[in-house]
Amino acid sequence: MEEPATRQCEVSPSDGASDDDMLLTLPSEGGSYNGSIRKGSDPLAQTQRSKLQHRRARINQQINKEMRMRAGAENLFKATTNNKVRETVALELSFVNSNLQLLKEELEELNSNMEVYQTDSEAVNVPMIPLGLKETKEVDFTVSIQDFICEHYGEDSSVYDREIKELMELRQAMRTPSRNQTGLELLMEYYNQLYYLDQRFFPLHRNLGVHFHWYDSLTGVPSCQRALAFEKGSVLFNVAALYTQIGARQDRSAAAGIDRAIDAFQRAAGAFNYLKENFSNAPSLDMSGPSLCMLVRLMVAQVQECVFERITLTTHDTRFISQLRLAQEAARVSDVYLLVQQTMSQPLMKDYVPFSWASMVQVKSEHFRALSHYYAAIALCDHTLSEEGGDCDEEAEKAFLTFYINTPVGPPLSQVLRDPEKRRRFGKAHLRRAVIRHEEAMRVHSLCKILRKMDILQDVLSVTHRRSLDKYSELDREDDFDETAEAPEIQSVTHQKPDITPINFSTVQVIDIFQRLGPLSVFCARARWGPVRLIGLQRREGGLGLTLRGDSPVLVAGVVPGGCAAEAGLREGDYIVAVDGQDCKWAKHSEVVNMLKTSSDQGVELSVVTLHSHDTQVERRAIMLSHNSDKENTRQRVMGGAKGQSSASLLNWNRKKKKREGSGVTKRLGSTFSLSFGSIRDAEALY
């Protein structure tokens, strides 16, 4: 097997993350990468981000230690009847629970770290909410894979030491991906390799004996399972989390940066949504259904916020309709954040979601509601309609009539629009609501210690609050004794609905690390076959007496009764894996035929295996792939949307089962099958 190409990820030696590390070039839908990535970020490089990862890993280890201590203390408390011992254990438990709470708060603060996860642009933008990566322990596949190769495949496992080492290096690199496109490709490459690992070494009703340890992204609570689905789901979770970090890091002071942030958050939402729909019974809360639903809604809300920022950035005119549009877009952002806030308030999520997240979401909901009222006031107070009337006036009146959720009490809106004094009073009412909302956002912000450390958030809230106050003071008059009316609620409308971009597994093409074991159509963990048999054939006048079909591996489709092959013990349904000691698992039909024809006069020795009919579905798939394996023959497997879709029930954390379509393969005698000749590239022939 050719040595795969390697690529070193960029790591800045400076105290902050480098610009290259933050640059994002997201793949196109049809994009691909043919190389293989082998290294993640250098875990020893003392960048600000690596220090953060070290602190996260240390906290996770401490949480794991405290959890074990608490479990032991609880067991002792239940087992003992000595009151003095119970009092001592109860005191120890209180200390352990206190330590766990402190560690959880420290981890929450790291997840909200401004210096690392947020943009360092000088532009004043509301910070986004990124998600930290799940940490994992090292995994040693060596012994388990070696034993499985010896037992299941009947081969010398030492021959595959290089492949095992390559797999372990890939997983080790996957633990520390760089925060850019290279890091995403690294995670996707490992995820796609897990498809092959599942097919090669994980039978339907048996696990490999490898334990996968992963820590909860938000609480640091450890989880351990032997199910490969747990490993797949955790890697996919990190893909989504990495997209959130990339999106939060973008400079949103320009349209290009906003577009990159939108794309990253939409891809994060797609990954979280795929995880929610295709995996179930997660052992950790961060991958539970309610948590993933909350994360999808949070990503959609951040996309909506970016859409509003882009409209604000590109709206240069001060026309009445343009300001109304800004008000409705801001109201839309407020509504989607309110939905996220309600999701975070659900019983299971209320005590799980970090307080800083819940506070930030509430602050944003209030902040953008205030902005919607501010822009409504600007539209009413700063823009007048022409006395002559016209198409522009009619368009403005039409937009204003559908501006509110409910028709306000009082004079008709068309009359309000034509009366400057009524517009001023309406605008003043909206500014009053804006100031109240701004003050509520600032109050919620002041209650959270982590948010108080975010100077940029404080600046945004202060600037917008002062702007609304100044405008209110400008409209207020000394002789204005009329009570300020209550501003009606604004109808939320968006002109760009956020998309949940489905995750595309084919963006990174991989080669099966263990391809030397043979084509997956036959040589997989689900298939069962007899031991390799050596068949010695001596050519006669009538030939060898066998019929061959298909490629990779070539199938013995028929044996002539009384012929050379039949007398030597060759059976219909055997697969030829070697000719005269030369491996031909991946050989094409014509290549095997040529090897047989050019054999010496002394005869030819075939190594064959017989596929047993232990699982009809697996065998049908195997035979179908045996004859239709163009991609297998080229040894380049594009990992499409079906990657990781296994029908295996992997312990307690499983992929949700998908309905399979019929393969159109019909069973024949014994362990052989017949297909229509239209699906066979090389016609049968008697040799």
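Being a predicted model, the structure only gives us computed values, none of them experimental.

Focus on the environment of His205
Positionally, His205 belongs in the loop between α7 (181–201) and β1 (212–215). A residue is classified by how much of its surface remains accessible, and His205, at 79% relative accessible area, is exposed. Along the primary structure His205 and Arg526 are separated by 321 residues, whereas in three dimensions their C-alpha atoms are 9.3 Å apart.

So, the packing of helix α16 (residues 420–447) against helix α18 (residues 455–475)
For the pair α16 and α18, the least separation of the axes is 9 Å and the interaxial angle reads 155°. Classed by the angle they form, the pair α16 and α18 counts as roughly antiparallel. The handedness of the crossing between α16 and α18 is left-handed. The residues of α18 that touch α16, namely those facing Arg424, Gly427, Lys428, Leu431, Arg432, Ala434, Val435, His438, Glu439, Ala441, Met442 and His445, are Leu457, Gln458, Leu461, Ser462, Thr464, His465, Ser468, Leu469, Lys471, Tyr472 and Leu475. Of the residues contributing to the contact of α16 with α18, the split by class is 10 nonpolar, 8 polar and 5 charged.

Observations concerning the side chain of Thr136
In this structure, Thr136 sits in the loop between α4 (114–117) and α5 (142–153). What makes Thr136 buried here is its relative accessible area of 6%. Within the local environment of Thr136, its side chain forms a polar contact with the side chain of Arg171, the two groups lying 2.9 Å apart. Among residues more than four places away in sequence, those in contact with Thr136 are Arg171, Arg175, His213, Trp214 and Tyr215.

Some thoughts on the pattern of salt bridges
As enumerated under the stated definition, the model contains 25 salt bridges in all. For Lys134, the salt bridge identified is with Asp286, shortest N-O distance 2.8 Å. You can see Lys134 sitting in the loop between α4 and α5 and its partner Asp286 sitting in the loop between α9 (255–278) and α10 (289–314), a full 152 residues away along the chain. Residue Lys134 is classed as buried on the basis of its relative accessible area of 3%. Judged by relative accessible area, which is 1%, Asp286 ranks as buried. Within this structure, Asp335, Arg369, Arg432, Arg433, Glu486 and Glu489 form a network of salt bridges that share partners.

Structural notes on the nonpolar core
One finds Ile145, Leu197, Phe201, Phe272, Trp357 and Phe514 to be the most contacted residues of the largest nonpolar core, which totals 140 residues. Not counting chain neighbours up to four residues away, the residues in contact with Leu197 comprise Phe141, Ile145, Leu167, Phe202, Leu228 and Phe514. With 21 residues, the next largest nonpolar core counts Ile535, Leu544, Ala587 and Val593 among its residues.

Here we look at the packing of aromatic side chains
In this structure the tally under the stated criterion is 18 aromatic pairs. Each ring, one from Phe308 and one from Tyr375, has its centre 6.3 Å from the other, and the planes form 65°; the classification is edge-to-face. Highlighted residues: Phe308 in helix α10 and Tyr375 in helix α13 (residues 355–381), separated in sequence by 67 residues. Plain terms: the ring middles of Phe403 and Tyr404 are 5.0 Å apart, the flat faces sit at 75° to each other, and that makes the pair edge-to-face. Overall, Tyr404 belongs to the buried group, its relative accessible area being 6%. Put simply, the rings of Phe308, Tyr337, Phe368, Tyr374 and Tyr375 pair up and form one aromatic cluster. When the ring centre of Phe77 is taken as origin, the NZ or CZ atom of Arg86, which lies over that ring, is 4.1 Å away.

A closer look at the pairing of β1
Inspection of the sheet shows β1 paired to strand β2 (residues 222–225) by 4 bridges, in the antiparallel sense. Bridge pairing in β2 places Tyr215 opposite Pro222.

Some points on unusual backbone geometry
Of all residues except glycine, most have a negative phi; of all peptide bonds, most are trans. Here the bond from Ser552 into Pro553 is cis, since omega is -5°, no more than 30 degrees from zero. Here Ser552, not a glycine, exhibits a phi torsion of approximately 40°, which is positive. On the secondary structure map, Ser552 appears in the loop between β4 (546–549) and β5 (554–559). Located in the positive-phi region is Asp580, a residue other than glycine, with phi close to 50°. As for its position among the elements, Asp580 is in the loop between β6 (574–579) and β7 (582–583). Look at Asp580 and you get partly exposed, because its relative accessible area is 46%.

What about the pairing of β4?
Burial along β4 is two-sided: Leu546 and Leu548 facing one way and Thr547 and Arg549 facing the other are all buried. Pairing analysis gives 4 bridges linking β4 to β5, with the strands arranged antiparallel. Bridged to Leu548 within β5 is Val556.

Things to note about α5
Taking 1.5 Å of rise per residue, the 12 residues of α5 would be expected to cover 16 Å, and the 16 Å separating its terminal C-alpha atoms lies within 8% of that figure. Regarding α5, the residues found buried are Ser144, Ile145, Phe148, Ile149, His152 and Tyr153. The buried residues of α5 occupy an angular sector of 130° when the element is viewed end-on, so they sit on one face. Of the exposed residues in α5, those oriented more than 90 degrees away from the buried face are Val143 and Glu151. Buried-residue contacts for α5 involve α6 (161–174) and α7. Directly beyond the C-terminal end of α5, a positive phi value near 65° is found at Gly154.

Reading the values: rules and limits
Residues numbered from 1 in each chain as written. Predicted model: local features only at pLDDT ≥ 70, side-chain atom pairs only at ≥ 80, totals over all residues. Heavy atoms only, no water. Helix = DSSP H or I, 4+ residues; strand = E, 2+ residues; numbered from the N terminus. Buried < 20%, exposed > 50% of the residue type's maximum accessible area, 1.4 Å probe, protein only. Axes fitted to C-alpha atoms, helices over the stretch in contact; angles between N-to-C directions. Parallel < 35°, antiparallel > 145°, perpendicular 65-115°, else oblique. Left-handed = near helix turned anticlockwise from the far one by under 90°. Contact = heavy atoms within 4.5 Å. Nonpolar A, V, L, I, M, F, W, Y, C, P; charged D, E, K, R; others polar. Polar contact = N/O pair within 3.5 Å; in protein donor to acceptor, adjacent residues only side chain to side chain. Salt bridge = Lys/Arg side-chain N within 4 Å of Asp/Glu carboxyl O. Core = buried A, V, L, I, M, F, W, Y, C linked by side-chain atoms within 4.5 Å. Phe/Tyr/Trp six-rings, centres within 6.5 Å; stacked < 30°, edge-to-face > 60°. Lys NZ or Arg CZ within 6 Å of the ring centre and 35° of its normal. Pairing = 2+ DSSP bridges. Expected span 1.5 Å × (residues − 1). Arc of directions from axis to C-beta.

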